[in-house]
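Summary of structural features
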Amino acid sequence: MIEQLEQYAKEHKIPIMLKDGIDYLCNYIKEHNIKNILEIGTAIGYSAIRMAQVSPDISITTIEKDEERYNLAKENIKHLNLENRIRVIYGDALETVIEGTFDLIFIDASKGHSIDFFKRYLSNLKQDGVIITDNLSFHGLVEDDSLAVTKNQRSIVKKIKKFIEFLDNHQEFVTKYINVGDKISISRRNSC
Ligand code: SAH
Ligand code: MG
């Protein structure tokens, strides 16, 4: 089933997490005993399913704005009998209001909006929680912006650089960057 999802994503050009990235994330969840997760950007449910499979006492809320992907995610999650542990919300995460607090907030939606998601869901993070964001490299374009040829790519690169600057200058959080997948950031509160 997992392989089928990977195959489907490849065929339909759906940007699910790269293998070493999701493996790293699942390991991190295990090692830090993370139980409640808020994910921004479900796509077809691949990363949510992978994270849920780390342990049977993990629960996930995940938000997707694309109706077709939302429906596919629901189907895939049901197929694996994970609908009690993965709640999929259909909506734009720039506007969604979520109740409750989480051990992990995983941001993996539109690459140019990470600052907005970070700020918006900060109140949903437990005191000792962690915010992990995907796509800090944007296929290497952030490190070498001469590779960004289209206007859209340049705009995204600029926004990712701004996000990195935002993280590096954040008073409350300490961030480390891990070069797995498309590069992720891991942000924790200073005191934790
Ligand atoms: N986390 C997934 C991949 C997500 S791809 C995995 O690894 O399996 C990014 C997804 O974010 C896309 O499906 C896109 O439709 C969704 N997205 C982008 N902007 C969004 C927003 N503002 N609110 C909710 N979903 C969004
Ligand atoms: Mg991603």
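We now turn to the structure provided with this report. (Residues numbered from 1 in each chain as written. Chains lettered and ligands numbered in written order. Predicted model: local features only at pLDDT ≥ 70, side-chain atom pairs only at ≥ 80, totals over all residues. Heavy atoms only, no water.)

Description of the layout of surface pockets
The calculated volume of the largest pocket comes to roughly 480 Å³. Contributing to the lining of the largest pocket are 25 residues, with Gly 41, Glu 64, Asp 108, Ala 109 and Ser 110 lying nearest its centre. Those elements giving two or more residues to the lining of the largest pocket turn out to be helix H3 (46-52) and strand E2 (59-64). Taken together, the residues that form the lining of the largest pocket break down as 11 nonpolar, 7 polar and 7 charged. Each pocket or cavity is described by its volume, and for the second largest pocket that value is around 310 Å³. In this structure, the second largest pocket is lined by 15 residues; those nearest its centre are Ile 14, Pro 15, Ile 16, Met 17 and Leu 18. If you tally residues by element for the lining of the second largest pocket, the top one is helix H1 (residues 2-11), at 3 residues. Partitioned by chemical class, the residues of the lining of the second largest pocket number 7 nonpolar, 2 polar and 6 charged. (1 Å grid on protein atoms, 1.4 Å probe; cavity = no way out; pocket = protein on both sides within 12 Å on 5 of 7 lines; lining within 4 Å. Points joined across faces, edges and corners; volume = space filled by probe spheres on them. Helix = DSSP H or I, 4+ residues; strand = E, 2+ residues; numbered from the N terminus. Nonpolar A, V, L, I, M, F, W, Y, C, P; charged D, E, K, R; others polar.)

Remarks on the coordination of the magnesium ion (ligand 2)
At the metal site, the magnesium ion (ligand 2) is ligated by Asp 108 (OD), Asp 134 (OD) and Asn 135 (OD1), and these contacts range over 2.0 to 2.2 Å. Expressed as a motif, the donor residue spacing for the magnesium ion (ligand 2) is D-x25-D-N. For the pair shown, Asp 134 and Asn 135 are each scored as buried. (Donors = N, O, S within 2.8 Å, 3.2 Å for Na, K, Ca; no water. Buried < 20%, exposed > 50% of the residue type's maximum accessible area, 1.4 Å probe, protein only.)

A look at the site of ligand 1
Inspection of the region around ligand 1 gives 21 residues, with Met 17, Glu 64, Arg 69, Asp 92 and Ala 93 positioned closest. Gly 41 has a polar backbone atom sitting 2.9 Å from a nitrogen atom of ligand 1. Separating a nitrogen atom of ligand 1 from a side-chain N or O atom of Asp 108 is a distance of 2.8 Å. Relative to its free-state accessible area of 580 Å², ligand 1 is covered by the protein chains to the extent of 94%. A majority-of-atoms criterion places ligand 1 in the largest pocket. Of all the elements in the fold, those that place two or more residues in the shell around ligand 1 are H3 and E2. Each residue belonging to the shell around ligand 1 can be placed in one class, and the counts come to 9 nonpolar, 5 polar and 7 charged. (Near = heavy atom within 4 Å. Polar contact = N/O pair within 3.5 Å; in protein donor to acceptor, adjacent residues only side chain to side chain. Areas by Shrake-Rupley, 256 points an atom, 1.4 Å probe, with all protein chains shown as cover. Sits in = over half its atoms within 2 Å of the grid points.)

What about the packing of aromatic side chains?
By the definition in use, this model includes 5 aromatic pairs. Consider the rings of Phe 118 and Phe 163, whose centres lie 6.3 Å apart with planes at 65 degrees: the pair is edge-to-face. With Phe 118 in helix H5 (residues 114-121) and Phe 163 in helix H6 (residues 151-168), this pair connects stretches of sequence that are 45 residues apart. You can call Phe 163 buried: its relative accessible area is 2%. Through a chain of ring-to-ring contacts, three or more aromatic side chains come together here, namely Phe 118, Phe 163, Phe 166 and Phe 173. (Phe/Tyr/Trp six-rings, centres within 6.5 Å; stacked < 30°, edge-to-face > 60°.)

A short note on H5
Taken residue by residue, H5 has Ser 114, Ile 115, Phe 117, Phe 118 and Tyr 121 as its buried positions. Viewed end-on, H5 has its buried residues packed into an arc of 165 degrees, placing them on one side of the element. (Arc of directions from axis to C-beta.)

So, the environment of Tyr 121
As for its position among the elements, Tyr 121 is in helix H5. Put simply, Tyr 121 and Ile 49 are 72 residues apart on the chain and 21 Å apart in space, counted from C-alpha to C-alpha. A distance of 3.3 Å separates the side chain of Tyr 121 from the backbone oxygen of Thr 96, its partner in a polar contact.

Thoughts on the pattern of salt bridges
Going through the model one piece at a time under the given rule, you end up with 7 salt bridges. With a shortest N-O distance of 3.0 Å, Asp 57 and Lys 35 are connected by a salt bridge. Here Lys 35 lies in the loop between helix H2 (19-31) and strand E1 (36-40) and Asp 57 lies in the loop between H3 and E2, a separation of 22 residues in the sequence. Among the residues examined, Lys 35 registers a relative accessible area of 21% and is labelled partly exposed. (Salt bridge = Lys/Arg side-chain N within 4 Å of Asp/Glu carboxyl O.)

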